[in-house]
Amino acid sequence: MSDKALKSQRTQMYVAFQTGATAFTLITLQDVSAIPNIGNPTKAKLDATDLDSVAKEYVAGLSDAAEMSLSYMLRGSVNQQRLRDLDGSGVISRFMICYSENTTQPTISPTTGVFTAPIGRSHSTFSAYVSSMAFSVAVDAVISGTIGLQVSGSVSTTIVAEA
Amino acid sequence: MSAAKMHALLIANAAFWTAIGGRAYPHISPRAVVPYAVYQVIALSPNNTLSDGIHSRASAVQLDIYAATRASADQIAALAETSLQYAAALTGGFSAQDADSATFRNSSTWSIIT
């Protein structure tokens, strides 16, 4: 049973980092320890009750993707610095989370930043801006913090079928 | 890794190293001459990442100072503390008499991140 479980270890998160008007480079987020609430959009509840209703009636409104709050440990890497650069800029970037079937990296278009997923690797893609990037300093602990990603639009997830 | 760091910190502390006579041992001691110190890792808590391996390790390292008198054991432990406190966090400790070896022991536990 457990050999079919998709393990979280080796999950990697990528960003199409914009370096120019039509120039993008692929970066990997480093030292991330948790990525909660992938997808998990909530839909607005629209009241559709009318005089013929015998009980309250509703229809689904637009999806509103939750903000992701990644846990990470601080280090002086170039890739973490690039994410700090995104913090506060409001720039919406493309993100891809690739799961643990293999470690093949996705590729991106160097001019549009559009991802191409690696073959045989489940993945989630979305666009988001960095809404916060803070860390905490405490006695007897490594410096760690959270990265807030406000998803714009929807999260698209593809889970590769078992062989 | 953290045991080696503890050893390096103890050696670098000249006052402590002189007081202990250079007798600081990992795990067990020859119990020949007091005072002496024994250190060992008693717990390990890794900071794992999703895709970058182990970011760091927080280890609990126990440091036992054995001496002929309680005062001597506590005094030498205080010397060790002068340098350890800036590279590690003191998380506990106690003093006791070791009936088997008829020595006094000052035991302290330090959290070391490597």
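One structure accompanies this document, and this report is about it. (Residues numbered from 1 in each chain as written. Chains lettered and ligands numbered in written order. Predicted model: local features only at pLDDT ≥ 70, side-chain atom pairs only at ≥ 80, totals over all residues.)

Between chain A and chain B, the residue contacts involve 13 residues of the former and 11 residues of the latter. Of the residues that constitute the side of chain A that touches chain B, the class distribution is 4 nonpolar, 6 polar and 3 charged. (Contact = placed C-beta atoms within 7 Å. Nonpolar A, V, L, I, M, F, W, Y, C, P; charged D, E, K, R; others polar.)

Residues and elements named next belong to chain A. A sheet is described by the order of its strands in space; here 7 strands give the open sequence β2-β1-β7-β10-β11-β6-β3, paired in antiparallel fashion. Strands at the two margins of the open sheet, each flanked by one partner only, are β2 (23-28) and β3 (32-34). For this sheet the average axis-to-axis angle between neighbouring strands, irrespective of direction, equals 40°. Relative to strand β11 (residues 144-158), strand β6 (residues 68-73) is paired through 6 bridges, and the arrangement is antiparallel. Bridge assignment links Ser69 to a residue of β11, and that residue is Gly148. (Pairing = 2+ DSSP bridges. Helix = DSSP H or I, 4+ residues; strand = E, 2+ residues; numbered from the N terminus. Axes fitted to C-alpha atoms, helices over the stretch in contact; angles between N-to-C directions.)

Residue and element names in this part refer to chain B. Spatially, β1-β2-β3-β5-β4 is the arrangement adopted by the 5 strands of the open sheet, whose pairing is mixed. Of all the strands in the sheet, just β1 (24-26) and β4 (89-98) have a single pairing partner and so form its edges. Adjacent strand axes in the sheet meet at a mean angle of 25° when their direction is disregarded. As defined by bridge partners, strand β3 (residues 54-67) adjoins strand β5 (residues 103-113) across 10 bridges and the pair is classed as antiparallel. In the strand pairing of β5, Leu63 is matched with Ser108.

Bridge count for β3(A) against β6(A) is 2 bridges, and the pairing is antiparallel. What sits directly across from Ala34(A), in β6(A), is Ser71(A).

Once that is clear, we can look at the pairing of strand β1 (residues 12-20) of chain A. Residues and elements named next belong to chain A. Here 5 bridges tie β1 to strand β7 (residues 93-98), and the two strands are oriented antiparallel to one another. By the bridge assignment for β7, Met13 is matched with Ile97. In terms of strand pairing, β1 meets β2 through 6 bridges, oriented antiparallel. Within β2, the position partnered with Phe17 by the bridge is Thr25. Counted between consecutive antiparallel strands, the loop separating β1 from β2 contains 2 residues.

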